[in-house]
Structures are given as C-alpha cells and as structure tokens.
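Observations on chain architecture
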Amino acid sequence: METERTIAAAGYATIAGCRLIPLRTVDDPRGSITIVEGEQDVPFPIERVYHLHGVPAGGSRGGHGHRRLEQLLVAVAGEFDVLLDDGAERRIVRLDDPGTGLYIPPGIWRELEAFAAGSVCLVLASMLYDAADYERDYADFLAWRSG
Ligand code: T46
C-alpha cells in the first residue's frame, strides 16, 4: 500500500489506482458494524470525515478533481454512481453496499450522480479541508494533469 500511496502522491494516479475495498464487517443478531481504520484498511491516515445526505433523488454532487487528497467513499445508505476520470479514461462505479468502499487517489476527477432517494455517502479523507486542493473546472483539471 505504501507503494500505491507514494505513486499516487507523486501525481501519477490513473483510473487503475481507483479500487473497491471490502471493509471489515461484523454481523450479529443486532445488525452489522463496519470498521475502517486509517493506514490499516485504507492507505492513508484519516484526517477528516464528512457525509453527503439529503441529496434529491437523481441528484448529483462533486464535479471536480483533487490535487493531493485521498478518499474512501462509502454508500452507507442507498446507492449512487461515481464517475471517475483521469484525463485519459473514464469509468463509472455504482456504490450500493455499506460494506464496500471506493478508494480514490489524488488527481482523479469525480462526479457523483444518480442518487437514490435517502442515500448517504460517507467520505473518509486524508487531509483537512483545503479549497486550493480542488480543480473545479474540467479544462483546468486537464491542463493540471498534463503538467
Ligand atoms: C468530494 C465529494 C465526494 C467545507 O467547508 N468543508 C469540507 O470539508 C467540505 C467537504 C466542504 N465544505 C464546503 C465547501 C462548499 O462551500 O461545503 C460546500 C459544498 O462543498 P462541495 O461543493 O465541494 O461539495 P461536493 O459534494 O461537490 O463535494 C464533496 C467534497 O467537497 C469533495 O471533496 O470529493 O464531496
């Protein structure tokens, strides 16, 4: 994982660096608990947690790239699509399982789309909020990616 992190932090991340991570889940008659520990279950220290909720059915979020941020996205309720774009290739991943996270390394454009009503997207992030880490214009994102 260190190798992945080093490559990603150097700005070489591609779609291939985005991957689904099965999360440790303990089930018993009371229900289930899913656990994520920084640098154990995800390849980064967890510095920030936020969640997207109240998104209208069919709604969208995101539409930007991050220069340095690493994230794990989890559909803790409901489901939605995540469009991933490294400037050369695009892929859409449907998240619909609270026991699976989507790891996104730095340098990837993402759009969250087609939210089902009542969905909640939990985000575990490697850095505190930094507005300067965002590329919110796709043309600027491509220009940054191409150096
Ligand atoms: C991402 C997707 C999945 C803060 O003040 N602090 C924060 O930590 C965050 C995440 C947001 N904000 C403010 C900035 C904006 O004024 O909240 C407002 C909405 O943020 P944004 O338009 O970036 O929301 P999304 O849903 O488009 O993107 C968010 C995350 O920002 C982003 O990192 O990958 O969720």
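Preceding block: the structure.
Nothing here was measured: the structure is a model prediction, and the numbers come from that model.

Conventions we followed
Here the residue numbers are simple positions, counted from 1 along each chain's written sequence. Local features in a predicted model are, by the rule used here, given only for residues with pLDDT of at least 70; side-chain atom pairs are given and counted only at 80 or more, and totals for whole chains, interfaces and linings are based on all residues. Side-chain figures throughout are based on the complete set of non-hydrogen atoms in the structure, without hydrogens or water. Helix and strand assignments come from DSSP, with helices taken as H or I runs of at least 4 residues and strands as E runs of at least 2, each series counted from the N terminus. Note on method: radius of gyration uses C-alpha positions; expected globular size equals 2.2 Å times residues raised to 0.38. Only heavy atoms enter the contact rule, under which two residues are in contact if any of them lie within 4.5 Å. Here the open area of atoms and residues is found with the Shrake-Rupley method and a 1.4 Å probe, where only the protein chains shown may cover a residue. In this tally Asp and Glu are treated as negative and Lys and Arg as positive; neither His nor the chain ends contributes. Charge positions are represented by NZ for Lys, CZ for Arg, CG for Asp and CD for Glu. When DSSP finds at least two bridges between two strands, those strands are taken to pair. Under this scheme, a helix contributes an axis fitted over its contacting stretch, all axes are lines through C-alpha atoms, and angles between N-to-C directions fall in the 0 to 180 degree range. Being near a molecule or strand, for a residue, comes down to having at least one heavy atom within 4 Å of it. Identification of polar contacts relies on pairs of N or O atoms within 3.5 Å, with a donor-acceptor requirement for protein atoms, meaning one able to donate a hydrogen and the other able to accept it, and with residues adjacent in sequence counted only if both atoms are side-chain atoms. Residues are called lining when one of their atoms sits within 4 Å of a cavity or pocket point, these points coming from a 1 Å grid over the protein atoms alone, where a cavity is a set in which a 1.4 Å probe fits but cannot get out and a pocket is an open set with protein on both sides within 12 Å along at least five of seven lines. Criterion for pocket placement: a molecule counts as inside a cavity or pocket if more than half of its atoms are within 2 Å of its grid points. All amino acids are sorted into three groups, where Ala, Val, Leu, Ile, Met, Phe, Trp, Tyr, Cys and Pro are nonpolar, Asp, Glu, Lys and Arg are charged, and the leftover types, Gly among them, are polar. Aromatic pairing here means that ring centres of Phe, Tyr or Trp (its six-membered ring) are within 6.5 Å. Orientation follows from the plane angle: under 30 degrees is stacked, over 60 is edge-to-face, and everything else is tilted. Only protein chains enter the accessibility calculation, which uses a 1.4 Å probe; a residue whose area is less than 20% of its type maximum is buried, one above 50% is exposed, and one in between is partly exposed. For salt bridges, the criterion is a side-chain nitrogen of Lys or Arg within 4 Å of an Asp or Glu carboxyl oxygen. Grid points are joined across faces, edges and corners, and a volume is the space filled by probe spheres set on the points.

For the chain, the count of helices and strands is 2 helices and 12 strands. Whereas a compact globule of 147 residues would reach a radius of gyration of roughly 15 Å, the chain reaches 15 Å, a difference of no more than 12%. With respect to the three principal axes, the spread of C-alpha positions in the chain is 55 × 35 × 25 Å. Once local pairs closer than 6 in sequence are excluded, the contacts in the chain between residues at least 24 apart make up 76%. Accessible surface for the chain amounts to roughly 7600 Å². Of this, 52% is attributable to carbon and sulfur atoms. Side-chain charges in the chain split into 14 positive and 23 negative, and the spacing between the mean points of these groups amounts to 2 Å.

Paired through their backbone hydrogen bonds, the strands of a sheet run either parallel or antiparallel. Across the sheet, 5 strands lie side by side as β1-β9-β6-β11-β4; this open sheet has antiparallel pairing. What marks the edges here is a single partner per strand, and that holds for β1 (19-22) and β4 (48-52). For this sheet, the mean angle separating the axes of adjacent strands, direction not counted, is 25°. Two strands pair when backbone bridges link them, and β1 and strand β9 (residues 100-104) are joined in this way by 4 bridges, in the antiparallel orientation.

Attention now goes to the site of the ligand. Within the structure, the ligand sits among 13 residues, and R48, Y50, R61, H66 and Y134 are positioned closest to it. Residue H64 places a side-chain N or O atom 3.2 Å away from an oxygen atom belonging to the ligand. Y134 places a side-chain nitrogen or oxygen 2.6 Å from an oxygen atom of the ligand. In isolation the ligand has 650 Å² of accessible area, and contact with the protein removes 67% of it. Mapping the ligand onto the cavity grids shows that it belongs to the largest pocket. Listing elements by their share of the shell around the ligand, those giving two or more residues are β4, β5 (61-66) and β10 (109-113). Ranked by the residues each element gives to the shell around the ligand, the list is headed by β5, at 4 residues. Its residues assigned to classes, the shell around the ligand shows 5 nonpolar, 4 polar and 4 charged.

Aromatic rings in a pair are described by how distant their centres are and how their planes are angled relative to each other. Scanning the model with the defined rule gives 7 aromatic pairs in all. Ring-pair connections join several aromatic residues into one group, and the members of that group are W109, Y138, F141 and W144.

Its location among the elements puts Q71 in strand β6 (residues 71-77). According to the relative accessible area criterion, Q71 is buried, its value standing at 3%. Polar contacts involving the side chain of Q71 include one to the side chain of R110, which spans 2.2 Å. Leaving out residues up to four positions away in the same chain, Q71 has contacts with F44, Y50, H66, L102, Y103, I104, R110, V123, L124 and A125.

Let us look at the pattern of salt bridges. Counting across every chain of the model gives 8 salt bridges. A single salt-bridge network, built from bridges that share partners, covers R24, E37 and D41.

Here the largest pocket defines a volume of roughly 230 Å³. Forming the walls of the largest pocket are 14 residues, and the residues nearest its centre are Y50, L52, R61, G62 and H64. Looking at the lining of the largest pocket, the elements with two or more residues in it are β4, β5, β6, β10 and β11 (120-125). No other element matches the 4 residues that β5 contributes to the lining of the largest pocket. Looking at the lining of the largest pocket residue by residue, the class counts come to 7 nonpolar, 4 polar and 3 charged.

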